[in-house]
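Here are the chains, one letter per residue:
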Amino acid sequence: MDDLADLLRHAASTAAGFRAGLSERAVRPDADLAALRGAFGGPLPREGAAPRAVVDELIRAAEPGLTASAGPRFFGFVIGGALPAATAADMLAAGWDQCAFNAVLSPAAAAAEECAGRWLKDLLCIPAAASIGFVTGGQEANTVGLAAARHYVLVEAGWDVERDGLIGAPAVRVVVGEERHATVDRSLRLLGLGTAQVEPVPTDANGAIRVDDLDRVLAHRGGPLIVSLQAGNVNTGACDDLRTACDVVHRHGGWAHVDGAFGLWAAANPATAHLVDGIELADSWSCDGHKWLNVPYDSGFSFCARPDVHVAAVSHAAPYLTGSGGATAVMGDSVLSASRRARGFAVWVALRQLGADGVAALVERCCGLARRFADRLTEGGLEIVNEVVLNQVLVGFEPAVDDAHVDRVVEAVQREGTCWLGATTWRGRRLMRISVSNHATTDTDIDRSAEAIVRVAARA
Ligand SMILES: *Cc1c(COP(=O)(O)O)cnc(C)c1O
């Protein structure tokens, strides 16, 4: 029983059993963290255990603490549920145990990333000449994109930041929309561009940057300039006017980065593509696979319009690493890790399974379901606070209620178990926040969830 094939079959059928039950089990887990700590045990035993026994031990310990976040009624954060074929591809990536550092170590991983990268650029309307790194997610993609930006604007100012660092460097201006994602700040911090230097630009009612204000802010001072724009605000789904904003940034000699963790996918659907019109004009882009493309964690993409800048900013040349004595594709030169999982397999499979039409349909369906959610909740007497342009919905309660009440309702909805969603603070107001990003969510899931929310809210 302990051979690899049996273990993998066992793991696969356990995972498949879990996934098959997702749509009917309570979305929140049964066990709390304290119970799970107990189940996972105390100090590491001196003696090892048989492989099958220990895998079973893991399954027993973990299952009560698994969230049905891959299921069709999980609307918290921005969470997709991995497509079956993409899940299988990721299990193969683990089984094949390839190191996707470069094409010498794994030509298959290199070719899969190359092909999937071409498909992604085509779908997302990113120039064909752009480079791509398959990263862990939006956070890493923002870091890589902003590192490329830092490299470029400082080279333009006659400074080699990779060699000389930031001490004594010309001051870099960093301008962002006030509704940027928090990961942008962390990326900037890690790049030595401290958050106190960041200049926020006001946004409109739905959270998109005000381009006239951007123009005004940029006009008052010159020098190396990085602007981080956004496609898909994590609360409202709002997308910046990328065409005008990129034009403004370039007129002022700056680098335009676009954080499009989920919003970039609007480009892949003809009915939403206008939201990211002008996307091709940016200099770097970040996007997630594990959100709207519904591939397993962790999977994101860092694109850069100037491949030489991309590599110059993040590569780590070391002569022993190619082992081929010549030029080879080095995927590790476009990301912030060296040894890495072959995450391109799952992306390739997801794109191939869906096809361009399937990706468009996935995006369109989630947007339609978000609008349906908003309609059902409005009928139930709740207030929709944002303009539902994409897959995000903000739900408000009577203006009289305090923040704590909103949190109590959200917790009660989570406890009730039909669906799961979180709370957020938007423009000083505590709200319920919904994201529809799963390929398997149906009209019935939306109606059931809206009914549960309205019922729980009325009782609270
Ligand atoms: C989720 C998200 C991120 C961070 O992406 P991760 O994949 O969680 O690292 C960045 N920006 C936006 C707009 C997001 O929605």
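Above this text you will find the structure in question.
Residues numbered from 1 in each chain as written. Predicted model: local features only at pLDDT ≥ 70, side-chain atom pairs only at ≥ 80, totals over all residues. Heavy atoms only, no water.

**Student:** Outline the pairing of strand β1 (residues 131-135), listing residues and values.
**Tutor:** The element β1 is extensively covered by neighbouring structure, given that five of its five residues are classed as buried. Bridging between β1 and strand β7 (residues 300-304) involves five bridges; their strand directions are antiparallel. Of the residues in β7, the one forming a bridge with I132 is F303. (Buried < 20%, exposed > 50% of the residue type's maximum accessible area, 1.4 Å probe, protein only. Helix = DSSP H or I, 4+ residues; strand = E, 2+ residues; numbered from the N terminus. Pairing = 2+ DSSP bridges.)

**Student:** Can you lay out the site of the ligand for me, pointing to particular residues and giving the numbers?
**Tutor:** The immediate surroundings of the ligand are formed by 14 residues, with Q139, D259, D288, H290 and K291 found nearest. Measuring from an oxygen atom of the ligand, one finds a side-chain N or O atom of D288 at 2.7 Å. Contacts to the ligand include K291, whose side-chain N or O atom sits 2.8 Å from an oxygen atom. The biggest single contributor to the shell around the ligand is helix α6 (residues 138-156), with three residues. Looking at side-chain class alone, the shell around the ligand contains three nonpolar, eight polar and three charged residues. (Near = heavy atom within 4 Å. Polar contact = N/O pair within 3.5 Å; in protein donor to acceptor, adjacent residues only side chain to side chain. Nonpolar A, V, L, I, M, F, W, Y, C, P; charged D, E, K, R; others polar.)

**Student:** Describe the environment of R415, naming the residues involved and giving the relevant values.
**Tutor:** Relative to the helices and strands, R415 is located in helix α13 (residues 403-416). On the basis of relative accessibility, which here comes to 55%, the residue R415 falls in the exposed class. Between the alpha carbons of R415 and V456 there is a distance of 10.0 Å; along the sequence they are 41 residues apart.

**Student:** Residues and numbers for the nonpolar core, please.
**Tutor:** Buried together is how nonpolar side chains tend to be arranged in soluble globular proteins. Counting 84 residues, the largest nonpolar core has L214, L229, W265 and F301 as its most contacted members. The leading source of residues in this core is helix α12 (residues 344-379), at 14 residues. Among all residues touching L214, those that are not within four sequence positions of it are V175, V201, I209, V227, L229, A245, V248 and V249. Membership of the second largest hydrophobic core comes to 27 residues, among which are V135, I226, V309 and V314. (Core = buried A, V, L, I, M, F, W, Y, C linked by side-chain atoms within 4.5 Å. Contact = heavy atoms within 4.5 Å.)

**Student:** Which residues make up the sheet that holds strand β9 (residues 392-396), and what values do they have?
**Tutor:** Within a sheet, adjacent strands bond to each other through the backbone by hydrogen bonds, running parallel or antiparallel. The four strands lie next to each other as β8-β9-β11-β10, forming an open sheet whose pairing is antiparallel. Looking at strand neighbours, the two that pair on one side only are β8 (383-384) and β10 (422-426), the edges of this open sheet. By the bridge criterion, two bridges tie β8 to β9 in an arrangement that is antiparallel. When the sheet's bridge partners are listed, I384 is paired in β9 with V395.

**Student:** Describe the pattern of salt bridges, and please don't skip the residues or the numbers.
**Tutor:** The tally for this structure, following the rule as stated, stands at 28 salt bridges. Close ionic contact of D30 with R28 constitutes a salt bridge, the shortest N to O distance being 3.9 Å. Taking relative accessible area as the criterion, D30 reaches 67% and is therefore assigned exposed. By relative accessible area, which is 26% here, R28 ends up partly exposed. The residue R343 makes a salt bridge to D298 at a minimum N-O spacing of 3.5 Å. Of this pair, R343 sits in the loop between α11 (307-314) and α12 while D298 sits in the loop between β6 (284-288) and β7; the two residues are 45 residues apart in sequence, bridging distant segments of the chain. Given a relative accessible area of 6%, R343 falls into the buried group. Judged by its relative accessible area of 29%, D298 falls in the partly exposed class. Sharing partners across several salt bridges, the network here consists of R372, R376, E379, D443 and D447. (Salt bridge = Lys/Arg side-chain N within 4 Å of Asp/Glu carboxyl O.)

**Student:** Which residues make up the sheet that holds strand β2 (residues 173-177), and what are the values?
**Tutor:** Spatially, the seven strands line up as an open sheet ordered β1-β7-β6-β5-β4-β2-β3, and their pairing is mixed. Unpaired on one side and paired on the other, β1 and β3 (198-201) mark the two borders of the sheet. The mean inter-strand angle of the sheet, taken between neighbouring strand axes irrespective of direction, is 20°. Here strand β5 (residues 255-259) runs beside β6; their pairing, made up of three bridges, is parallel. Bridge pairing links D259 to S286 in β6. (Axes fitted to C-alpha atoms, helices over the stretch in contact; angles between N-to-C directions.)

Read these as geometric descriptors, not functional statements.
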